[in-house]
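The lines below spell out each chain.
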Amino acid sequence: MQQVALLVLTASFLLGGLPLTGWLFRLMTGKSLQNLGTGNASVAAAFLHGGRRVGILAACLEALRGVAVVIAARSVEAGPELPLLGLGALVAGRFWLGRAAGVTSAFWGVLVYSPVAAGLTALCGGAVWFILRRVKFAPGHRVWQAAALLAMPVVFYFLSGKVTVAGSAALLSGWLGYTLWRIPDDMALKESKLLTLASRLEAARAGSKATNLSRLLQAGLRVPPGWVLGPETAPEALLKVAQPSAAEPWVVRSSATGEDSATDSAAGQYLSVLDVQDSSQFVDAVAGVRASYESGAARQYRGSRGTRPGKMAVLVQPQIRGVYSGVLFTRDPVEAGERMVVEALAGSAVLVVGGQVTPERYTIDRADAAIGGTGDLPRTVLNQLYAVALKVEACLGGPQDIEWTWDGQALWVLQARPITTLQPVWTRTIASEVIPGVIRPLTWSINRPLTCSVWGEIFTIVLGKRAHDIDFNQTATLLSGWAYFNATLLGDIFLRMGLPTESLDFLYRGSRFSRPPLMSVLSNLPGLLRLVNRDLRLQTDFDREAHRLTALLKELDEPVVLDPRQLMVRSERIREALRTVTYFNILAPLGLALRRALLQVPEEWLNTEATAEVAAVRELRSLALRAGADAPVQAGASTELDTAPRDGQIRAELERFIARYGYLSEVGTDIAVPTWREHPETVYGLFAALAQIPTAPVQYSEPSPGLERLRTDVCRVRARLRARVAEVYDRLLAHLRWTFVAIEDNLLTAGTLVERGDIFFLEASELEALVSDPTAFDAQALVRVRKAEYEQQRNRRVPRVVYGMQMPEVDEPAPDFSAGRIKGIGASRGVAVGTVRVVHRASEVTRLEAQTVLVVPYTDAGWAPLLAQAVAIVAEVGGRLSHGAIIAREYGLPAVMNVAGATSLFKDGQCLRVDGRTGVVEVVEEGG
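Residues numbered from 1 in each chain as written. Predicted model: local features only at pLDDT ≥ 70, side-chain atom pairs only at ≥ 80, totals over all residues. Heavy atoms only, no water.

Participant: Pulling in residues and values, what's your account of the nonpolar core?
Facilitator: If you look at the biggest cluster of nonpolar residues, it comprises 56 residues, and the most contacted ones within it are L732, F740, I743 and L767. Listed by contribution, the elements that provide at least two residues to this core are α18 (441-463), β14 (482-486), α23 (538-557), α24 (564-599), α28 (707-750), α29 (764-772) and α30 (779-793). Once residues lying within four places of it in the same chain are set aside, the contact partners of F740 are L442, I446, S571, I671, I759 and L767. Listed in part, the 48 residues of the second largest apolar core include I658, L690, A868 and A870. (Core = buried A, V, L, I, M, F, W, Y, C linked by side-chain atoms within 4.5 Å. Buried < 20%, exposed > 50% of the residue type's maximum accessible area, 1.4 Å probe, protein only. Helix = DSSP H or I, 4+ residues; strand = E, 2+ residues; numbered from the N terminus. Contact = heavy atoms within 4.5 Å.)

Participant: Summarise the packing of α18 against α24; cite the residues concerned and give the values.
Facilitator: Running from N to C, α18 and α24 cross one another at 50°; their axes reach a closest spacing of 10 Å. Accordingly, the angle class assigned to the pair α18 and α24 is oblique. In this structure, the crossing between α18 and α24 has a hand that is right-handed. For the pair α18 and α24, contact is made by I446, L450, V454, W455, E457 and I458 and by R575, L578, R579, T582, Y583, I586, L587 and L590, respectively. The class makeup of the residues in the contact of α18 with α24 is 10 nonpolar, one polar and three charged. (Axes fitted to C-alpha atoms, helices over the stretch in contact; angles between N-to-C directions. Parallel < 35°, antiparallel > 145°, perpendicular 65-115°, else oblique. Left-handed = near helix turned anticlockwise from the far one by under 90°. Nonpolar A, V, L, I, M, F, W, Y, C, P; charged D, E, K, R; others polar.)

Participant: Tell me what's going on with the environment of S254, and back it up with residues and numbers.
Facilitator: Summarising the element assignment, S254 is placed in strand β3 (residues 250-256). What makes S254 buried here is its relative accessible area of 1%. Considering only alpha carbons, one finds S254 and V316, 62 residues apart in sequence, at a separation of 8.9 Å.

Participant: Please provide a residue-by-residue account of the sheet that holds strand β11 (residues 411-418), values included.
Facilitator: If you trace the six strands from one edge of the open sheet to the other, you get β9-β8-β7-β6-β10-β11, paired in antiparallel fashion. Strands at the two margins of the open sheet, each flanked by one partner only, are β9 (371-372) and β11. Relative to strand β10 (residues 400-406), strand β6 (residues 324-329) runs antiparallel, the two being bridged by six bridges. In the strand pairing of β10, Y324 is matched with W406. The strands touched by helix α16 (residues 379-396) within the sheet are β6, β7 (339-346), β8 (360-365), β9, β10 and β11, with β10 carrying the most contacts at an inclination of about 140°. (Pairing = 2+ DSSP bridges.)

Participant: A description of the sheet that holds strand β2 (residues 227-229) should follow, citing residues and the corresponding values.
Facilitator: A sheet is described by the order of its strands in space; here five strands give the open sequence β1-β2-β5-β3-β4, paired in antiparallel fashion. Looking at which strands have only one partner, the edges of the open sheet turn out to be β1 (195-196) and β4 (272-276). In the sheet, β3 pairs with strand β5 (residues 312-318) via seven bridges, with the strands oriented antiparallel. Paired with A256 across the strands is M312, a residue of β5. Taken strand by strand, helix α11 (residues 203-218) contacts β1, β2, β3 and β5, and its axis lies near 125° from that of β3. Relative to β3, helix α13 (residues 279-291) is tilted by about 20°, and along the sheet it contacts β2, β3, β4 and β5.

Such coordinate-based values are descriptive only and should not be taken to indicate function.
Encoded structure:
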């Protein structure tokens, strides 16, 4: 019998060690309880971090565990003491193997063993708690637990009359008391309102260091759990929840405002205290870390960086005893190349960052994970570091400096901060579609303030007060003449809006947005509702502005002679109107895209509400079909189209067409590009292409009567608004260009400028100064320098992402085309096979051979004459809603957009197969 009893006790101990609650929590949430809160695997932790449903299921599991022990012990018939001893063994197993107190299991076991004893024990604990409250002492639930445990042996002796039973109960209550003392209490953590890394932290309160670790922890990376003490939180508040010890020491670290941020690393400026083993050490460590914020070196550092005064939060974590530790740069901080750099040493990471010992050094190729360097660090750890680096970059955005340690089994992330020398990160993902080529200074000095201010207004609507510290003027910049958007800033905005961290891939690689979590949507609901309200009243707001804008455009259309100062005033009036229209020109397409996505309305159902570009192509095609070809092109004829209409009536109709659409240009957003009115040869070339190489109008599908028609009508209203806004915007830009051209004519006459087009190499403020005083500076010298830079940069292939403020000297490597195929964005359905013709600028050529696949850097209205002659289009930039995609669909041409480096990747004469539905472009054999 004794052997059977021993077997029951052993089984109870092992049963207590099974991490049932941890397994349940991971199954239902995908997270580990060991990485959340205090790190224990109790029912209270499951409730706190997993919610009611997870907590109830965890409580049921733990209750079954205690009930099972009591039933098994009773079946042995070894006396009334064995069930209580079995529960004691269960609690011991929960503590030693499962890192939990085992209170729930013990309570339900005692309840099954003796409901009366369980009830009296709970009653005694509650009575003590009530009495203490009456004498104005406000005890926590720990006092209730202690009173109940002290009462348990007495109650069992009173009910059984046996000393052995009371002794077994005393042993059980002693074990429970010990485990409750040693195991941190998550419910006490909630009561104390301490912040943990499992919380959703904000850098303004918890500092960037703690906030970054919190994001990584919630993204599933292995980060030591921890607490964050704000400036107002006493260290004793944490000591009520958990205690450091020699067996489980703590590390106390700074997490100051501005530390580990995109602009300031503050490396080594603040104190970190390792190996904190008792309460007094901990209190002293917290005081020392807080005092380090006001040290002379730290104050001097912040002053040199222009950092605003902030606060010091304190990060407290269990100390991981590393077998190997080090730092990992996800990109080489010196070369910003396509490799990671790892430095490692045996022991603590402090040895590496301290710089007193030369570490082992390795490199990891970002493309294929190839490892360079030799040393004792296991290759399995380097492979793990590679995977961790990619996850950290995806979570936090941009190159990261990661401090890590490997405990012999698991790799832990101890710290992650941006590599400040590679910040901010700039992306062409958005700019390549909106502003495709090299931008001249005058265009940029006007476009940038418009873009930054309007996007800032939209983000502020959603974020509210959370946007108060964002400088939206830093949203975009020019690098070597190419427009880039600030991915670091936009990534911060994304995170503040609660978008999934993997959505930052959109900024770096152009991938699709992830669906935002429900809780992030709810947390941003007030701001989203404000934005929806703006969207719903957009039509009304634009109608209110339309009267004023129409009057201004009518005035601008009237010919008038003005001097340069008057023309500058005119340009300011146009720019003021553009500030208003830009807001509508951003929100109208966004609102339409949202409606189409929600109502599942394809673009072709909205073909009657075409933009001016598409409407112009349709009207010109109709004119060409009515007029017929002047002289059909014969085989072997000249490779140049005859673009001069000889019939007087046709010429008159074309002149009326130019009067109507003359404000359009090759690149609508670039006022430095001549309009159709100034360069009518573009229109003549398109007319000749449509007349001599006729294409049948595209047959669009139509929505069915009923629900499809109703959904389409909802989108059609917004599509009509989009077209109206775009026309006003394009006309204002054209008038702005014509105003600057008029100013340039005066400056050319005065000899201030030398050649037509020079004015666009001056910024708006410089032009204003020059008009006020022609001798203000040497305009000709400045223009010569900028024109030389422009010519140097215009044909280079620039990287999609740039780290820091310096454009790399070496172009980004071309995409892998070794398999003879590459994938972009399918933008216009259909499949075509043809011969490649690479064209960098629309003005390079006017005639394409039959069965030509046109490969271009981008497409816009100015490319229309060539598009009309191609069988398919491949473009380096753009998406399904870009101008090029819309025009391609109008022509019925297969089109693949966003093929990085296409003009370098493909060569004239290659035979390509273009699939506009899947977005696949592949080399085929002739006739394949």
